[in-house]
Amino acid sequence: MARILITSAIPYINGIKHLGNLVGSQLPADLFARFMRGRGHEVMFICATDEHGTPAELAAAKAGVPVEQFCADMHKVQADIAAGFRLSFDHFGRSSSQRNHRLTQHFAGRLAEAGLIAEVSEKQVFSVDDNRFLPDRYITGTCPNCGYESARGDQCENCTKQLDPTDLINPRSSISGSTNLEVRQTKHLYLKQRALKAKLEAWIDSKKDWPILTTSIAKKWLNDGDGLQDRGITRDLYWGIPVKKGDQPWPGMEGKVFYVWFDAPIEYIAGTAEWADAHGLDDAAWERWWRTDKGAADVTYYQFMGKDNVPFHTLSFPATILGSGEPWKLVDYLKSFNYLNYDGGQFSTSQGRGIFMDQALSILPSDYWRWWLLSHAPESSDSEFTWENFQASVNKDLADVLGNLVSRVTKFARSKFGDVIPAGGTPGAREAALIDALTTQLRSYEANMAAMEVRKSAADLRALWVAGNEYLQAAAPWTVVKSDPDQAAMMIRLAMNLIRVYAIISRPFIPDAAAAMMHAVGSADWTWPDDLAAAMQTLPAGTGFNVPENLFRKITDEERADWQQRFAGIRT
RNA sequence: GGCUAGGUAGCUCAGCUGGUUAGAGCACACGACUCAUAAUCGUGGGGUCGAGGGUUCGAGUCCCUCCCUCGCCA
């Protein structure tokens, strides 16, 4: 039994995520976690909300509630939706937790002791009326280059020129519109990433089995232009983790907080500590997942994220870990995803375009979405959601191939043999051939799942389902029963056992349907079918079974057209 | 403009270090079956593998040029 640590990129607290966010990190991470658990491995699967920073403060202000309250409420909302999608986190933490405060401050202290923190004095725009420093992109003004009146302080959208906020003509606060702005001197901490470049590069180079998408992004940041840059890790904000050096004050940094991208990945670790706290366990319980000197040496650590998160996970976070000089676990395998597009354009949180997680659950149960999203995961390139494709895949794969298989077996069994799995008959060459074919396909499925080849795994799983229909079609128990009821009973007994096997191996993709299948055949034995021939004899004759409701219903053309129209616009 | 990835059947995609008639699912046509959610199973049609050069006995697979899409960066 192996020990598997899995983290999903943590979603930002501000609002409900769309299906593109889901399929890029949380959902494939869940698939992998469920698979590894199913195989009997010890799994720790951690996710959290990423709560700090200006957008959360502004959203809270807009909602008219204190930011602490806003984040607590939104965390609850996101946790409920995650549960709705059956995301099986061992813990869904919060980057604003006290655990993360202490750990983030601890890392900063260690980095300072290692001489990897620089204090830099710089000029920044302060909005008097808002009573806050403004991030560059929250300053609006006229572009000195092209005259565009709504240029942002970091870049003009119109002429794409890179700007400094002080370049803007008639600058104003994007928050309040106030023009009462001042340039003030402020001091910030920088993480000396340049000093860690050689270490980071050696570490990246040691990862021979990482996808090109991952290593190329990392190497570009390492070597492009002037190479890896030192990075500011503090901000003049209210909402964040107070800057401290371990548990000691940091002179000159009073009232400042750490930058959200510094504390967010640390929450992977802190979230595991939160898990221990929530279960009344001591520190050793979570440290054995993260400290190689305290039991984590045999842990394999997998991260899942969208491609936009790769630089932070290949460089910034490892710089924090390596720079600390302490034996924290570094990621072993990093699975990154491209983007999912929506009907010809991008999903967009800021523009409200696409389908959001709560909307998805309001029209169909999670299994439908899980299946489509995972079987079309944007692995090798961006992929596209269309309602036509969604309807076709769900109806064919789930309703026709799998759902109908369960129906035809259980209904036939009920009408011909009664309430229990029937006895009699002897398996022959056809049954042996089926088990051989299933075994081969199952080994392929396991290999693809272990390699996080999501689409290929889905294709293998579907092929396993199809093999069941092929067998039934060829064996034709509905014909055999007329002349040799015992042989028909044997076929049905085998099919019932096959449904149980399907429940186990399908569970990572469609957990609810898997539970329904297991219930239908009157079992609760989720042991992975390492030996398929043996697994196919798990349910003995005499076992009671149920005829379930249809596992999946079909999406009608009318529904598709309705949803297509309903979700065509912009969410407000 | 620089960089990554991609451009393969109507659609969504596989095709590892170059090697017999380029594959799968869906869709389509025909057939079988009738236990089942008008489900299932079988067979078949359909592609000059973005364009043009080149290397090679042989290229979707390597090299060069160009076109297009997406993203990142500037």
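Note that residues are indexed from 1 along each chain, following the sequence as it is written. Chain letters start at A and ligand numbers start at 1, both assigned in the order the entries are written. Where local features are concerned, this predicted model is filtered to residues with pLDDT of at least 70; where side-chain atom pairs are given and counted, the filter is 80 or more; whole-chain, interface and lining totals use all residues. As a convention, hydrogens and water are excluded, and side-chain values are obtained from all of the structure's heavy atoms.

**What to know about the overall build of chain A**
Point 1. Only DSSP runs of H or I reaching four residues or more are called helices, and only runs of E reaching two or more are called strands; each is numbered from the N terminus. Secondary structure assignment for chain A yields 20 helices and 19 strands.
Point 2. Radius of gyration (C-alpha) of chain A: 27 Å, near the 25 Å computed for a compact globule of 572 residues.
Point 3. With the principal axes as the frame, chain A shows a C-alpha extent of 95 × 55 × 40 Å.
Point 4. Taken across its 572 residues, chain A has 55% of its residues classed as buried.
Point 5. The long-range share in chain A, meaning contacts at least 24 apart out of those at least 6 apart in sequence, stands at 77%. We compute the radius of gyration over the C-alpha atoms and compare it with the globule rule, which gives 2.2 Å times the number of residues raised to the power 0.38. In this scheme, a residue with accessible area under 20% of its type's maximum is buried, one over 50% is exposed, and one in between is partly exposed, where area comes from a 1.4 Å probe on protein chains only. Contacts between residues were defined by any pair of non-hydrogen atoms, one from each residue, lying within 4.5 Å.

**A closer look at the packing of aromatic side chains**
Point 1. Each pair of aromatic rings taken from Phe, Tyr and Trp, with Trp reduced to its six-membered ring, is defined by centres within 6.5 Å and is described as stacked if the planes are under 30 degrees apart, edge-to-face if over 60, and tilted in the remaining cases. Counted by the stated rule, this structure contains 27 aromatic pairs.
Point 2. With centroids separated by 6.1 Å and ring planes inclined at 70 degrees, the aromatic side chains of Tyr-268 and Phe-317 adopt a geometry described as edge-to-face. Of this pair, Tyr-268 sits in helix α8 (residues 266–278) while Phe-317 sits in helix α10 (residues 310–324), placing them 49 residues apart in sequence. Each member of the pair, Tyr-268 as well as Phe-317, is classed as buried.
Point 3. Between the aromatic rings of Trp-369 and Phe-390, the centroid separation amounts to 4.4 Å while the plane-to-plane angle is 15 degrees, which identifies the pairing as stacked. On the criterion of sequence distance, the pair formed by Trp-369 in helix α12 (residues 366–375) and Phe-390 in helix α13 (residues 387–417) is long-range, its members being 21 residues apart. Assigned by exposure class, Trp-369 and Phe-390 land together as buried.
Point 4. An aromatic cluster is defined as three or more aromatic residues linked by ring pairs; in this entry it consists of Trp-369, Trp-372, Phe-385, Trp-387, Phe-390, Trp-563 and Phe-567.

**Observations regarding the environment of Gly-468**
Point 1. Summarising the element assignment, Gly-468 is placed in helix α15 (residues 454–475).
Point 2. Looking at Gly-468, the relative accessible area reads 2%, which means it is buried.
Point 3. Taking the C-alpha atoms as reference points, Gly-468 and Glu-559, 91 residues apart in sequence, are found 30 Å from one another.

**Some points on the sheet that holds strand β9 (residues 181–191)**
Point 1. Across the sheet, which stays open at both edges, the 4 strands sit in the order β5-β4-β9-β10 with antiparallel pairing between neighbours. Edge strands, defined here as strands with exactly one partner in the open sheet, are β5 (132–133) and β10 (231–232).
Point 2. Sheet analysis places β9 next to β10, joined by 2 bridges and oriented antiparallel. Looking at β10, one finds that Tyr-190 is bridged to Gly-232. Strand pairing requires that DSSP identify at least two bridges connecting the strands.

**What to know about the pattern of salt bridges**
Point 1. Any Lys or Arg side-chain nitrogen located within 4 Å of an Asp or Glu carboxyl oxygen qualifies as a salt bridge. Inspection of every chain in the model, using the stated rule, returns 31 salt bridges.
Point 2. A salt bridge links Asp-397 to Arg-462, with the shortest nitrogen-to-oxygen separation between them at 2.6 Å. Of this pair, Asp-397 sits in helix α13 while Arg-462 sits in helix α15, placing them 65 residues apart in sequence.
Point 3. For Asp-397, a relative accessible area of 10% translates into the label buried.
Point 4. The partly exposed category is assigned to Arg-462, whose relative accessible area is 27%.
Point 5. Here the residues in one salt-bridge network are Arg-110, Glu-113, Arg-291, Asp-293 and Glu-326, joined through shared partners.

**With respect to the domain arrangement of chain A**
Point 1. Each domain of chain A was delimited in the assignment, giving domain 1 (3–111 + 261–337) and domain 2 (385–535).
Point 2. For the domain bounds, the source is a domain assignment made automatically or taken from a database. For domain 1 and domain 2, the distance between their C-alpha centroids amounts to 36 Å.
Point 3. Listed by partner, the interface residues are 14 residues for domain 1 and 12 residues for domain 2.
Point 4. Summing the contributions of domain 1 and of domain 2, the shared interface buries around 1300 Å²; its carbon and sulfur component is 71%. Buried area, as used here, totals the accessible surface that two parts lose on assembly, with accessibility defined by a 1.4 Å probe and the loss added over both.

**Observations regarding the pairing of strand β15 (residues 299–306)**
Point 1. Here β15 lies mainly inside the structure; 7 of its 8 residues are buried.
Point 2. Bridge count between strand β1 (residues 3–8) and β15: 6 bridges; the pairing is parallel. Paired with Arg-3 across the strands is Val-299, a residue of β15.
Point 3. Looking at chain direction, β15 and strand β16 (residues 333–337) are connected through 5 bridges and run parallel. Note that in β16 the partner of Gln-303 across the bridge is Leu-334.

**Observations regarding the layout of surface pockets**
Point 1. With a 1 Å grid spanning the protein atoms alone, the term cavity applies to any set of points in which a 1.4 Å probe fits but cannot get out, the term pocket to an open set with protein on both sides within 12 Å along at least five of seven lines, and the term lining residue to any residue with an atom within 4 Å of a point. Grid points are joined across faces, edges and corners, and a volume is the space filled by probe spheres set on the points. Each pocket or cavity is described by its volume, and for the second largest pocket that value is around 270 Å³.
Point 2. At the level of secondary structure, the elements contributing two or more residues to the lining of the second largest pocket comprise β10 and α10.
Point 3. Counting residues per element, the lining of the second largest pocket draws most heavily on α10, which supplies 4 residues.
Point 4. Here the lining of the second largest pocket is built from residues that sort into 6 nonpolar, 5 polar and 3 charged. Residue type decides the class: Asp, Glu, Lys and Arg count as charged, Ala, Val, Leu, Ile, Met, Phe, Trp, Tyr, Cys and Pro as nonpolar, and the leftover types, Gly among them, as polar.

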